[in-house]
Structure formats: structure tokens, C-alpha cells
Amino acid sequence: MRRNFTYTFIAFIAIAVQTVAGQVAPKEKEILVDLYNATNGSEWTIKWDLDKPVSTWKGVKVEDNHIVGINLFRNNLEGNLPKTINKLKSLQDLNLAFNKIGGEIPATITKLKQLKSLHLEMNRLTGKLPEKLGDLENLETLVLFNNLIDGEIPKSVGKLNNLKVLNVSSNKLTGIIPDELGSLSKLESLGLFENTLVGFVPKELGNLVELKELVIANNQLMGDIPQEFGQLVNLQVLQLQNNKFNSFNSLEFMQSKEILVFDFDGKKPSLKFRDINTTKTGVAETEFEEDKEN
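Residues numbered from 1 in each chain as written. Predicted model: local features only at pLDDT ≥ 70, side-chain atom pairs only at ≥ 80, totals over all residues. Heavy atoms only, no water.

Colleague: Could you clarify how one ought to interpret the overall build of the protein in this entry?
Modeller: Tallying secondary structure elements over the protein gives two helices and 18 strands in all. Restricting to contacts in the protein with at least 6 residues of sequence separation, those with at least 24 account for 49%. (Helix = DSSP H or I, 4+ residues; strand = E, 2+ residues; numbered from the N terminus. Contact = heavy atoms within 4.5 Å.)

Colleague: Where do I start with the sheet that holds strand β8 (residues 141-143) in this structure?
Modeller: Whether parallel or antiparallel, the strands of a sheet pair through hydrogen bonds between backbone atoms. Across the sheet, 10 strands lie side by side as β1-β2-β4-β6-β8-β10-β12-β14-β16-β18; this open sheet has mixed pairing. Looking at strand neighbours, the two that pair on one side only are β1 (60-63) and β18 (261-263), the edges of this open sheet. Strand after strand, the sheet turns through a mean of 15° between neighbouring axes, direction not considered. In the sheet, strand β4 (residues 93-95) pairs with strand β6 (residues 117-119) via three bridges, with the strands oriented parallel. Within β6, the residue paired with asparagine 95 across the bridge is histidine 119. (Pairing = 2+ DSSP bridges. Axes fitted to C-alpha atoms, helices over the stretch in contact; angles between N-to-C directions.)

Colleague: Is there a simple way to think about the confidence of the model for the protein in this case?
Modeller: Detailed reading of the predicted coordinates is not advisable wherever pLDDT falls low. On average, residues of the protein carry a pLDDT of 86, and 81% of them reach 70 or more. Segment residues 5-21 is flagged for pLDDT under 50; beyond a separation of four residues in sequence, or across chains, it makes three contacts in the model. With pLDDT under 50 throughout, residues 276-292 is counted as low confidence; its partners more than four residues away or in other chains account for 33 contacts. (pLDDT = per-residue confidence, 0-100.)

Colleague: So what exactly am I meant to see when it comes to helix α2 (residues 26-38) here?
Modeller: Taking 1.5 Å per residue, 13 residues should reach 18 Å; α2 reaches 18 Å between its end C-alpha atoms and fits that length. Along α2, the residues classified as buried are Glu28, Ile31, Leu32, Leu35 and Tyr36. Down the axis of α2, the buried side of the element spans an arc of 145°, and every buried residue falls inside it. Across α2 from its buried face, at more than 90 degrees, point the exposed residues Pro26, Lys27 and Asn37. Summarising the contacts, the buried residues of α2 are in contact with β1 and β2 (66-71). At the exit of α2 stands asparagine 40, carrying a positive phi of roughly 60°. (Expected span 1.5 Å × (residues − 1). Buried < 20%, exposed > 50% of the residue type's maximum accessible area, 1.4 Å probe, protein only. Arc of directions from axis to C-beta.)

Colleague: Where do I start with the pattern of salt bridges in this structure?
Modeller: Between side chains of opposite charge, pairing is possible as soon as their charged atoms come close. Under the criterion given, the structure shown has two salt bridges. The partner of lysine 61 in a salt bridge is glutamate 63, and the shortest N-O contact between them spans 3.6 Å. Overall, lysine 61 belongs to the partly exposed group, its relative accessible area being 47%. Among the residues examined, glutamate 63 registers a relative accessible area of 36% and is labelled partly exposed. Note that aspartate 135 is salt-bridged to lysine 159, the shortest N-O span being 3.6 Å. Of this pair, aspartate 135 sits in the loop between β7 (124-126) and β8 while lysine 159 sits in the loop between β9 (150-151) and β10 (165-167), and the two are 24 residues apart along the sequence. (Salt bridge = Lys/Arg side-chain N within 4 Å of Asp/Glu carboxyl O.)

Colleague: What is the right way to read the side chain of threonine 141 from this model?
Modeller: Structurally, threonine 141 can be placed in strand β8. Given a relative accessible area of 18%, threonine 141 falls into the buried group.

Colleague: How do you make sense of the sheet that holds strand β17 (residues 244-247) when you look at a structure like this?
Modeller: Strand order in the open sheet formed by five strands is β9-β11-β13-β15-β17, and the pairing between neighbours is parallel. The sheet is open, and its two edges are formed by β9 and β17, each paired on a single side. Two strands pair when backbone bridges link them, and β9 and strand β11 (residues 172-175) are joined in this way by two bridges, in the parallel orientation. Bridged to glycine 151 within β11 is leucine 173.

Colleague: Hey, could you run me through a positive patch on the surface in this one?
Modeller: On the surface, Lys27, Lys87, Lys89, Lys111, Lys113 and Lys132 cluster together to form a positively charged patch. Residue classification places lysine 113 among the partly exposed positions, given a relative accessible area of 34%. (Patch = residues over 30% accessible without salt bridge, like charges linked within 9 Å, V, L, I, M, F, W, Y side chains within 5 Å. Areas by Shrake-Rupley, 256 points an atom, 1.4 Å probe, with all protein chains shown as cover. Lys, Arg positive; Asp, Glu negative; His and termini not counted. Charge placed at Lys NZ, Arg CZ, Asp CG, Glu CD.)

Colleague: What should I look at first to understand the packing of aromatic side chains in this one?
Modeller: Each pair of aromatic rings is reported with the distance of its centres and the angle of its planes. Tallying each qualifying case throughout the model produces six aromatic pairs. Seen from their ring centres, tyrosine 36 and tryptophan 48 are 5.8 Å apart, and the 15° between their planes marks the pair as stacked. Of this pair, tyrosine 36 sits in helix α2 while tryptophan 48 sits in the loop between α2 and β1, and the two are 12 residues apart along the sequence. In terms of burial, tyrosine 36 and tryptophan 48 fall into one category: buried. (Phe/Tyr/Trp six-rings, centres within 6.5 Å; stacked < 30°, edge-to-face > 60°.)

Colleague: So what exactly am I meant to see when it comes to the pairing of strand β5 (residues 100-104) here?
Modeller: Residues in a regular strand project their side chains so that they alternate between the two faces of the sheet. Bridge count for strand β3 (residues 78-80) against β5 is three bridges, and the pairing is parallel. For glutamate 78, the partnering residue across the bridge sits in β5 and is lysine 100. Bridge count for β5 against β7 is three bridges, and the pairing is parallel. Note that in β7 the partner of glutamate 104 across the bridge is threonine 126.

Shown next as C-alpha cells:
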């Protein structure tokens, strides 16, 4: 009898520990319910069972009883992002890409100080980018392509010292490319393709020595390519076509040996590049990959 009692007690303790491990603070659960209701959760491809522990909900990652990740990639979310999203203080990864989310990105999202990755691409987002995006001090990835976002790129983006990927292509952004982007010393990929950006390309972009991809095609940029582009020694993808540039002569100063994609208005380069073997380069596909389920 005692042995059976012992086994039953141990089993009870195991279940209790597992239950506690799957719990989150009631306030954090409320925020998830806000997200569920605001994005038509009853019509999601995979719905949340609100009566079960949060740790069992699709795409929700829980650590130390706090929500640290939400991944609802291609799950038929439709509606607006709730302003209360900022109360998930431990959130590190937010992936709501390839859905039907509209409205503006709530300004409150800039209070997520632990956020490292933000994927909102392929939605229907409108309005301007939050002015205080630079407050996301731990952000490493910011991907917002294929939305309807307008206005200018906030200068505060230049404060994102840990940023490695910035892609705001295929939106309705206007204004100039801020000089401040040249401060993103860890940046490896910069996508500004297909907006309505104007003015000169900042020479400060030449400071981005870790940059591997630079896509600024399909805008209304003008003037000359900065001579400072010669410092982009790690560049592999460079797309400049369909702008209003006066000259590409400064590209002669480029020394990268790794250029795989090089395109400026589809014309065969007549320039004398130092080390670039243009016979091995090609034209990049402008279609975006859909493998963001990570």
C-alpha cells in the first residue's frame, strides 16, 4: 500500500511541476488573448485553445514562466496589432509574417526592450514607422517588406547598434535615406528596394563594412554612387537599378572579390573594376523567400 502511495505522490508532484512550468503571469496571458481577439483568432489556420496552458498554444515559447517568443507565420491573422503588445516585457522574437494584419505598427512596440527579432513582412500594414524604433536596443533583425508603410525612415533606426538585417523593401516609404544608417556597424543586409526614396545615397553607407547585401533598386535616388562604397569589402549582392543616378564611376573603387549579384539598370558594366570579376555575377531575383518559420 505504501509503495502505491509513494508512486502516486511522485506522479502528482511531476504533474504539478510540469503545470507550473507551463504557466505564465495572468497579465501576459491577457495580452495573448488580446492578440488572438484583435486578429480574428477564431479564423486562424491553427487556433489557440484558450482553456489550455499557454505553453501549448501554437507558436508561443515560454521560458521561466514568461513569454519570450511568438511565431504565427502564415496563420491567417487578420486585423490590427493590439497596443498592449508592449506589456510582454520578456519577448525576444515576434514573427507574424505572411498574414493579413493591417493598421499601423503600434508605437508601443518600441517598449519591447528585449526584442531581438521582428518579422512583420507580407502583411497589409499602413501608416508610418514608429519614430522611436531606435529604442529597441537589442534588435538584430527588422523585416517589414511588402506592406503599405509610408512616411520617412526614422533617424532613430541608426541607434540600433545590434542590427544585422534591415529590410523595408516594397513599401511606400518616402524621403531620403538617413545618414544615420551608416552607424549600423553590424549590419549585414540592407533592403530598401521598391519605395519612393529620393535624394543622394549617403556616403556614410560606406561605413557598413560588414554589409553583404545592399539593395536600393527601384527608387528615385539621384547623383553619383559614393566613392566610399569602395570600403564595402564584404559585399556580395548590390542592386542599384531603376533610379536616377548620374554616374556609376565610383564603383571602380570597389575591391570586393565576392560579388555574386551586381545590377545597375541591366547594362553590361563598361567600368574597369579593381578586383570584381563581373563575368561571374548575375541579376538577382526580386522575389522574396517564404521560409521564415523559425
